[in-house]
Amino acid sequence: MNSPTYSTTAGAELQHDLVRAGFYPQMVQDVLAEAMMSQPVLDHYVHLETHFDHTEVHRHITVLVLSENVLFIIHVDDQQLDDHGNNVVAQVSTEMISLRRIASVATNYVYHQPQHYRTGDEVRELTFGMSWNGTSRIDLAPAPCTDPQCDADHGLNGTAQPEDLVIRVSAEADGQRAVNKAREFAVRLRQETI
């Protein structure tokens, strides 16, 4: 797909990072181009995560793209539907958030050997998060009853929590380039939401 979204230098850099991540890059590019509706890419961050579940390896990718007045978030998970990996599905979610709605951008820095810190030393780990109160997760459970003989339905208790986005990057796991890029993106996002 030849989209105006990728026609700028920043758009070409985003395409390069998606291909480098290697997690269904063409599918992610096409979904992102559709979501962005030809808006230009100003900045981006691509975060590929791998985790292990007993004998299985799971990967997923989160792509943050800053455009004029809008932040786009694309998240992709895949899942094997059989034991041999012959039947796989990918679930892609997109969200478009007005920069005016972002209430907070928080950043946590980790420096190794701070007693030797010098100006310009690189951050070794970075966690950044943002909240916009767009989506909430609701966890429900049956309401308890203190009477062990009671079999009545007492309704449900639950909590609603905002589905804020938090990304953690470390030089050891993701490389120093990824940490530096995440830091630059978080700084730019803070600037754009002031």
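Residues numbered from 1 in each chain as written. Predicted model: local features only at pLDDT ≥ 70, side-chain atom pairs only at ≥ 80, totals over all residues. Heavy atoms only, no water.

Considering the overall build of the chain
The condition that has to hold: Here a helix means four or more residues in a row that DSSP labels H or I, a strand means two or more in a row labelled E, and each is numbered from the N terminus. Put simply, the radius of gyration uses C-alpha atoms, and a globule should come to 2.2 Å times the residue count raised to 0.38. Accessible area is worked out with a 1.4 Å probe on protein chains only. A residue is then buried under 20% of its type maximum, exposed over 50%, and partly exposed in between.
Helices and strands together make up the secondary structure of the chain, namely four helices and nine strands. For the chain, the α and β elements follow one another from N to C terminus as α-α-β-β-β-β-β-β-β-β-β-α-α. Since a compact globule built from 194 residues should have a radius of gyration of about 16 Å, the 20 Å found for the chain marks it as more spread out than a globular shape. Along the three orthogonal principal directions, the C-alpha set of the chain runs to about 70 × 50 × 40 Å. Put simply, the chain has 194 residues, and 32% of those count as buried.

Here we look at the packing of aromatic side chains
To describe a pair of aromatic rings, one takes the distance between the centres and the angle between the planes. To keep it simple, the criterion reads: Planes of paired rings set the category: under 30 degrees apart is stacked, over 60 is edge-to-face and the rest tilted, where pairs are Phe, Tyr or Trp rings (Trp by its six-membered ring) whose centres lie within 6.5 Å.
Here the structure, examined in full by the defined rule, presents four aromatic pairs. Each ring, one from Tyr-111 and one from Tyr-117, has its centre 5.2 Å from the other, and the planes form 80°; the classification is edge-to-face. Judged by relative accessible area, which is 37%, Tyr-117 ranks as partly exposed. Among the aromatic residues, those joined into a cluster by ring pairs are Tyr-45, Phe-128 and Phe-185.

Regarding the nonpolar core
For the record, the criterion: Here the nonpolar core consists of buried residues drawn from Ala, Val, Leu, Ile, Met, Phe, Trp, Tyr and Cys, with membership extended through side-chain atoms lying within 4.5 Å. When checking whether two residues touch, look at their non-hydrogen atoms; a contact exists if any pair is within 4.5 Å.
Ranked by size, the top nonpolar core spans 24 residues in total, and within it Leu-64, Leu-71, Ile-102, Phe-128, Met-130, Phe-185 and Leu-189 carry the most contacts. If you list the elements that add at least two residues to this core, you get β2 (56-67), β3 (70-80), β6 (125-131), β9 (165-170) and α4 (176-192). Considering each element in turn, this core owes the most residues, six residues, to α4. Not counting residues within four places of it along the chain, the set of residues in contact with Phe-185 comprises Asp-43, His-44, Tyr-45, Leu-64, Leu-66, Leu-71 and Phe-128.

Digging into unusual backbone geometry
The backbone of Asn-69 sits at a positive phi, close to 70°, despite the residue not being glycine. Note on Asn-69: relative accessible area 57%, which makes it exposed. Positive phi is not limited to glycine here, since Gln-113 has a value of about 50°. The residue Gln-113 is located in the loop between β5 (104-110) and β6 in this model.

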